[in-house]
Amino acid sequence: DPLLMDLLRIAIQKSGRLSEDSLNLFKECGIKFDSGTGRLKTTSNNFPAEFLFLRDDDIPGYVEDGVADIGIVGENVHVETGRHVEVVKKLGFSKCRLSIAIPRGESYGGVQELQGKAIATSYPTILGNFLKENGITADIHEISGSVEIAPSIGLAHAVCDIVSSGSTLLANGLKEVEVIFRSEAVMIGSEKLSDAKRSILSKLLFRIQAVQTAKN
Ligand code: PRT
Ligand code: ZN
């Protein structure tokens, strides 16, 4: 009876750098659903799955709480939020790095130069861990966006932010001096899935594997 069938609830980013590749992943697996603009929730008509379209930052919490069964986020968001979820699969897209950058004109002789400095970031946990591992005490200024402008307005000496091409750093007169974390999109999953949902997830992973094998 299809009405009694379990649905795997999948959380993906509503609109942003993960959205297109996340949608494509399911499309390539032959899973059909309507992702039309403005929809926050939709059910596939040929696979037992329901899709929730959310802000990426909210996805790990929803998966931990069981509101969603699995989700797709950047590893940077997964590690920073520190929620109790499993990494089910690395997906290979949205690759980027989390780096420390300083004003281009300044010299840099190593991580000890960050001692006592103010560093602006949206990733206080990952940065804090890096500094701790290196025995550095610095002043972490948490800001939620436009981190790269912090040094030029006197808010911080350095920044720690996501870098992809490097052009944002360049445009703001900064240079990358330490790569502290490398990230790609990952599928995260709840630690307490029912057997029925686990079996839907296995079917999904089998299809993803087939798509990835066909590509290589
Ligand atoms: O609205 P919502 O909260 O869902 O989205 P968001 O704005 O928080 O995230 P979004 O869509 O920008 O990024 C989603 C994920 O994509 C991130 O968590 C990363 O895992 C990954 N990703 C890959 C990136 C980048 N590349 C990237 N370049 N995330 C952000 N950037 C930003 C970065 O913050 C910086 O401002 O782009 C700028 C640097 O890019 P370059 O190319 O100039 O170096
Ligand atoms: Zn976000």
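From a predicted model like this one, the values you see are computed outputs, not experimental measurements.

Asks: Any chance you could explain the coordination of the zinc ion (ligand 2) here in plain terms?
Replies: Under perfect tetrahedral coordination by four donors, a metal shows angles of 109.5 degrees; under perfect octahedral coordination by six donors, it shows angles of 90 or 180 degrees. Taken together, the protein ligands of the zinc ion (ligand 2) are Asp56 (OD) and Asp57 (OD), with distances of 2.0 to 2.1 Å. Coordination at the zinc ion (ligand 2) comes from four donor atoms whose angles at the metal span 77 to 170°, giving a geometry best classed as irregular. A relative accessible area of 17% means that Asp56 is categorised as buried.

Asks: Got a minute to help me understand the domain arrangement of the chain in this structure?
Replies: Under the domain assignment used here, the chain contains domain 1 (2-94 + 184-215) and domain 2 (96-182). Here the C-alpha centroids of domain 1 and domain 2 sit 31 Å apart. Contact with domain 1, which involves six residues of that partner, is made by nine residues of domain 2. Buried area between domain 1 and domain 2, summed over both chains or domains, comes out near 650 Å², and the portion from carbon and sulfur atoms is 56%. Ranking the residues of domain 1 by area buried against domain 2 places Asn76, Val79 and Glu80 at the top, with a combined share of 75%. Counting the contacts that link domain 1 with domain 2 gives zero salt bridges. Linking domain 1 with domain 2 are three residue pairs in polar contact (both at pLDDT 80 or more), by the criterion used here.

Asks: For this particular structure, what's the right way to read the site of ligand 1?
Replies: Every one of the 21 residues lining ligand 1 counts as a neighbour, but Arg17, Arg55, Asn76, Ser165 and Thr168 are closest to it. A distance of 2.8 Å separates an oxygen atom of ligand 1 from a polar backbone atom of Ser164. A distance of 2.5 Å separates an oxygen atom of ligand 1 from a polar atom in the side chain of Thr168. Considering ligand 1 on its own, with 840 Å² of exposed area, one finds that the protein chains cover 78% of that surface. Among the residues forming the shell around ligand 1, the class breakdown is five nonpolar, ten polar and six charged. Split by domain, the shell around ligand 1 shows at least three residues from each of two domains, domain 1 (2-94 + 184-215) and domain 2 (96-182).

Asks: Quick question: what am I supposed to make of the sheet that holds strand β3 (residues 49-54) here?
Replies: In any sheet, the strands associate via hydrogen bonds between backbone groups, in a parallel or an antiparallel arrangement. Overall, mixed pairing links the six strands, which are arranged β2-β3-β1-β4-β11-β5 in an open sheet. Each edge of the open sheet carries a strand with a single partner, namely β2 (41-43) and β5 (86-90). Between one strand axis and the next, the sheet turns by 25° as a mean value, whatever way the strands run. Sheet topology note: the β5/strand β11 (residues 185-189) ladder contains four bridges and is antiparallel. Note that in β11 the partner of Lys90 across the bridge is Val186. Where helix α1 (residues 19-28) meets the sheet, it contacts β1 (8-13), β3 and β4 (70-74), and its direction lies at approximately 150° from that of β1. Set on the sheet, helix α6 (residues 195-215) makes contact with β1, β4, β5 and β11; between it and β5 the angle comes to about 25°.

Definitions and limits used
Residues numbered from 1 in each chain as written. Chains lettered and ligands numbered in written order. Predicted model: local features only at pLDDT ≥ 70, side-chain atom pairs only at ≥ 80, totals over all residues. Heavy atoms only, no water. Donors = N, O, S within 2.8 Å, 3.2 Å for Na, K, Ca; no water. Tetrahedral: all angles 85-135°; square planar, octahedral: opposite > 155°, others 65-115°. Buried < 20%, exposed > 50% of the residue type's maximum accessible area, 1.4 Å probe, protein only. Domains from an automatic or database assignment. Contact = heavy atoms within 4.5 Å. Buried area = accessible area lost by both parts, 1.4 Å probe. Salt bridge = Lys/Arg side-chain N within 4 Å of Asp/Glu carboxyl O. Polar contact = N/O pair within 3.5 Å; in protein donor to acceptor, adjacent residues only side chain to side chain. Near = heavy atom within 4 Å. Areas by Shrake-Rupley, 256 points an atom, 1.4 Å probe, with all protein chains shown as cover. Nonpolar A, V, L, I, M, F, W, Y, C, P; charged D, E, K, R; others polar. Pairing = 2+ DSSP bridges. Helix = DSSP H or I, 4+ residues; strand = E, 2+ residues; numbered from the N terminus. Axes fitted to C-alpha atoms, helices over the stretch in contact; angles between N-to-C directions.

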